[in-house]
Amino acid sequence: MIRLLKFLLNALLKLVLLAFVLAGIAGMIWGPQEIIDQFVEKPDSQKNTDAETTFFKCRRDRLKIGLTERGSLRATKTVGIFHTQDRTMKFKWIEEEGKLTKKEDVIARFETEEFEEKITEQEKSLNQLQEDLEVEKKEIGITESTGNLDIARAETELLNAKEDLKKHKQLDAPKKMKELSDAKMAARKEVEKVIVTLAEKQAVIDDQLYSGDEGLDTALKELSTAKEEVKKMKQKEKEASLTKKLYQTYDYKKELRNKEETLANATLSLSKAKIGATNQLAQRKTAVRNKEDNIERTKKEIQELKEVLVACEVKSPVDGRLLYGDPERGWPSPSDITVGKEMWNGYTFLTIPDESSFVVDTWIVEEYRHKIKEGLDAKVTLEAMPELKFDGKITQIESFAKENRGGLKTYKTQVTLTGSDSHMVSGMSVSVEIIAEILEDTLVVPIEAVFSEENQTICYVRIPQGTEKRIVKTGKSNDNFAQILEGLTETEEVSLLNQELNHTSGNAPSTKTSAETKPSTETKSSVSSGSESTTLSASK
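Residues numbered from 1 in each chain as written. Predicted model: local features only at pLDDT ≥ 70, side-chain atom pairs only at ≥ 80, totals over all residues. Heavy atoms only, no water.

(A) Focus on the overall build of the chain. Helix and strand counts for the chain stand at 5 helices and 26 strands. Within the chain, the proportion of its 540 residues that are buried is 33%. Contacts in the chain between residues at least 24 apart in sequence constitute 77% of all its contacts with a sequence separation of at least 6. Put simply, the chain shows about 34200 Å² of open surface, and 52% of that area lies on carbon and sulfur atoms. (Helix = DSSP H or I, 4+ residues; strand = E, 2+ residues; numbered from the N terminus. Buried < 20%, exposed > 50% of the residue type's maximum accessible area, 1.4 Å probe, protein only. Contact = heavy atoms within 4.5 Å. Areas by Shrake-Rupley, 256 points an atom, 1.4 Å probe, with all protein chains shown as cover.)

Quick look at the structure:
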């Protein structure tokens, strides 16, 4: 154990001696200060004093002036899918958005329970209506027979009334008149007869053709009886004459009127019977037609409900990719296409775009509307695949602005693309760079080299002593470069860092200020469009 400790101690001493030897050799080669500097931290004021400043050499170049906005792809041709039923339909299932579908594939289903229940109810109603129709058809036969019977009865009564009137005029009344006349004539003859008898009795007395007092008494009695008989017969004759006169004056006319009234009533009864029979039959036939109409209407409703059931299963009319909602109208939106939501007829709830040709819909802020016009070139980049870029032209700008959710007034603008790619899908987000103007052979510097101090536009120009702060006049610019109108030349280099800030922190070389150029009057404005910032600049 002691031997091991001695071995370790000797090894440690050798390592220490070796370290001192190496330190001495390093001191002779680099000097003592450099060695100290490797281990001692410099103060902040001395840090990075030798760092190389980044510079850009001014150059003449082609400057594209425009703005960049966000937009979305839209197929130029689409197939809208909507239901045509005259009612709202509730979603039961919807195929996933973005899925590729084939023609005749089921892509959505609506709730069917309500329609199935209605079909069951209507079929029960149809059975009942068909049974009622059979009853009504039988009632038509009964009603027709009853009507014919009533008409026949009325015709018989009319015939009887006619015959009765004829009989009264031609037989009964003349017979009655003859009887009355005969009675009157008979009464007259009886009067004449009893008058003859009275005359004979009176002659017996006058001629004294009796014997004795008894004969006289008998003759007187017979004379008195003859007188009474004459009186009686005259009264009978008077009554017969009065009866004939009353019959001629009253009874005959009364009976004639009664017969004529009976005939008129019979005629009216026949008309009523015919009309009643016609009406009853018409009512029955109307009831049958109503039942038949109800049956046809119910059958039609059942057929329509069955068509609704078929329509509850929505099939794709073409091959393509499914999109929710109506991209062109904006309503219904994709958020409205969910299970349980109701959908009115005529509203496009699914869209299948033709992905062989696309346009881009974007929105230009009101501030920059005057700089944009139809026919301008545009460069479109797919945000999901930045390597895919397409040329295009502005083909349409809406005349009226619409206020977006942020309160900005924007103009919907359409960019037509000159190409397409199999990866493109309607609704994809894109970046649209619209080229408003191209400045050929103009002096440019990066926008990182242009600074604003005390309402002046400056650049830091490289000189042998370090950098020089110089006032410049800028022109138009895009997101990357600014046009220099005054203050710089093509051969000069400008710093991409704010040398004033670096000098304040003690890291920049000496900076001089030059006042040889006039202050710039150019203003710069930036508008945010989604997650990107687009800059438009112009000289006043």
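Structure's up, so let's keep going.
(B) Spotlight on the sheet that holds strand β9 (residues 323-324). Across the sheet, 3 strands lie side by side as β3-β11-β9; this open sheet has antiparallel pairing. Two strands lie at the open edges of the sheet, namely β3 (78-81) and β9, each paired on one side alone. Across 2 bridges, the pairing between β9 and strand β11 (residues 350-353) is antiparallel. Bridge pairing in β11 places Tyr-324 opposite Leu-350. (Pairing = 2+ DSSP bridges.)

(C) Molecular detail of the environment of Thr-101. As for its placement among the helices and strands, Thr-101 is situated in strand β5 (residues 100-101). Each C-alpha atom of the pair Thr-101 and Asp-319 lies 5.6 Å from the other, and the pair is 218 residues apart in sequence. When near neighbours in sequence (up to four residues on either side) are disregarded, Thr-101 contacts Ile-107, Ser-316, Val-318, Asp-319, Gly-320, Leu-322 and Ile-352.

(D) Looking closely at the layout of surface pockets. Taken as a whole, the largest pocket encloses approximately 970 Å³ of empty space. Along the walls of the largest pocket sit 29 residues, with Ser-72, Pro-327, Gly-330, Asp-361 and Trp-363 positioned nearest its centre. If you list the elements that add at least two residues to the lining of the largest pocket, you get β2 (59-75), β9, β12 (358-365), β15 (402-403) and β16 (409-417). Tallying contributions element by element places β2 first for the lining of the largest pocket, with 5 residues. In terms of residue class, the lining of the largest pocket is built from 7 nonpolar, 10 polar and 12 charged. Considered as a void within the structure, the second largest pocket measures approximately 350 Å³ in volume. (1 Å grid on protein atoms, 1.4 Å probe; cavity = no way out; pocket = protein on both sides within 12 Å on 5 of 7 lines; lining within 4 Å. Points joined across faces, edges and corners; volume = space filled by probe spheres on them. Nonpolar A, V, L, I, M, F, W, Y, C, P; charged D, E, K, R; others polar.)

(E) Fine view of the pairing of strand β6 (residues 106-110). Here 3 bridges tie strand β4 (residues 89-94) to β6, and the two strands are oriented antiparallel to one another. Bridged to Trp-93 within β6 is Arg-109. Examined bridge by bridge, β6 and strand β7 (residues 313-315) share 3 bridges and lie antiparallel to one another. By the bridge assignment for β7, Arg-109 is matched with Glu-313.

(F) Structural view of the nonpolar core. Leu-417 and Ile-434 are the most contacted members of the largest nonpolar core, which has 27 residues in total. If you list the elements that add at least two residues to this core, you get β2, β12, β13 (377-382), β14 (389-397), β16 and β17 (429-446). Tallying contributions element by element places β12 first for this core, with 4 residues. Once residues within four sequence positions are removed from consideration, Ile-434 is found in contact with Ile-65, Gly-66, Leu-67, Ile-364, Ile-372, Leu-376, Asp-377, Ala-378 and Ile-394. Ranked by size, the runner-up nonpolar core spans 20 residues in total, among them Phe-110, Leu-305, Val-308 and Met-343. (Core = buried A, V, L, I, M, F, W, Y, C linked by side-chain atoms within 4.5 Å.)

(G) Molecular detail of the packing of helix α3 (residues 113-206) against helix α4 (residues 212-311). At a closest axis distance of 7 Å, the pairing of α3 and α4 adopts a crossing angle of 170 degrees. Viewed along their axes, α3 and α4 adopt a mutual orientation that is roughly antiparallel. In terms of residue class, the contact of α3 with α4 is built from 45 nonpolar, 17 polar and 38 charged. (Axes fitted to C-alpha atoms, helices over the stretch in contact; angles between N-to-C directions. Parallel < 35°, antiparallel > 145°, perpendicular 65-115°, else oblique.)

(H) Main features of the packing of aromatic side chains. Counted by the stated rule, this structure contains 6 aromatic pairs. Ring centres of Phe-91 and Phe-110 lie 4.9 Å apart, and the angle between their planes is 25 degrees; this geometry places the pair in the stacked category. Taken together, the residues Phe-91 in strand β4 and Phe-110 in strand β6 connect sequence positions 19 residues apart. Pair check on accessibility: Phe-91 and Phe-110 agree, each one buried. Ring-pair connections join several aromatic residues into one group, and the members of that group are Phe-91, Phe-110 and Phe-349. One Lys or Arg, Arg-109, reaches over the ring of Trp-93 and ends 5.3 Å from the middle of that ring. (Phe/Tyr/Trp six-rings, centres within 6.5 Å; stacked < 30°, edge-to-face > 60°. Lys NZ or Arg CZ within 6 Å of the ring centre and 35° of its normal.)

(I) Spotlight on the sheet that holds β7. An order of β7-β6-β4-β10 is seen for the 4 strands of this open sheet, with the pairing classed as antiparallel. The open sheet has two free edges, formed respectively by β7 and β10 (342-343), since each of these has just one partner strand. Sheet topology note: the β4/β10 ladder contains 2 bridges and is antiparallel. Each residue of the ladder has a partner; that of Met-89, found in β10, is Met-343. In this fold α4 packs onto β4, β6 and β7, with an angle of close to 55 degrees to the strand it touches most, β7.

(J) Seen up close, a nonpolar patch on the surface. A surface patch of nonpolar side chains, about 310 Å² in accessible area, is lined by Leu-242, Leu-246 and Tyr-250. Relative to the elements of secondary structure, Tyr-250 occurs in helix α4. (Patch = residues over 30% accessible without salt bridge, like charges linked within 9 Å, V, L, I, M, F, W, Y side chains within 5 Å. Salt bridge = Lys/Arg side-chain N within 4 Å of Asp/Glu carboxyl O.)

(K) Structural detail: the pattern of salt bridges. Scanning the entire structure with this criterion turns up 26 salt bridges. The salt bridge partner of Arg-74 is Asp-361, with a shortest N-O separation of 2.6 Å. Placement of the pair is Arg-74 in strand β2 and Asp-361 in strand β12, with a sequence separation of 287 residues. With a closest N to O distance of 2.6 Å, Asp-164 and Lys-259 form a salt bridge.

(L) Representation of the side chain of Gln-414 in the model. Inspection of the secondary structure assignment puts Gln-414 in strand β16. With a relative accessible area of 18%, Gln-414 lands in the buried category. A polar contact is formed between the side chain of Gln-414 and the side chain of Arg-74, at a distance of 3.0 Å. Setting aside anything within four residues of it in sequence, one finds Gln-414 in contact with Arg-74, Val-359, Val-360, Asp-361, Lys-393, Ile-394, Thr-395 and Gln-396. (Polar contact = N/O pair within 3.5 Å; in protein donor to acceptor, adjacent residues only side chain to side chain.)

(M) The arrangement of unusual backbone geometry in detail. The backbone phi angle of Glu-104 is positive, close to 80 degrees, even though this residue is not glycine. Phi is positive for Asn-455, close to 65 degrees, though the residue is something other than glycine. For Asn-455, a relative accessible area of 76% puts it in the exposed group.

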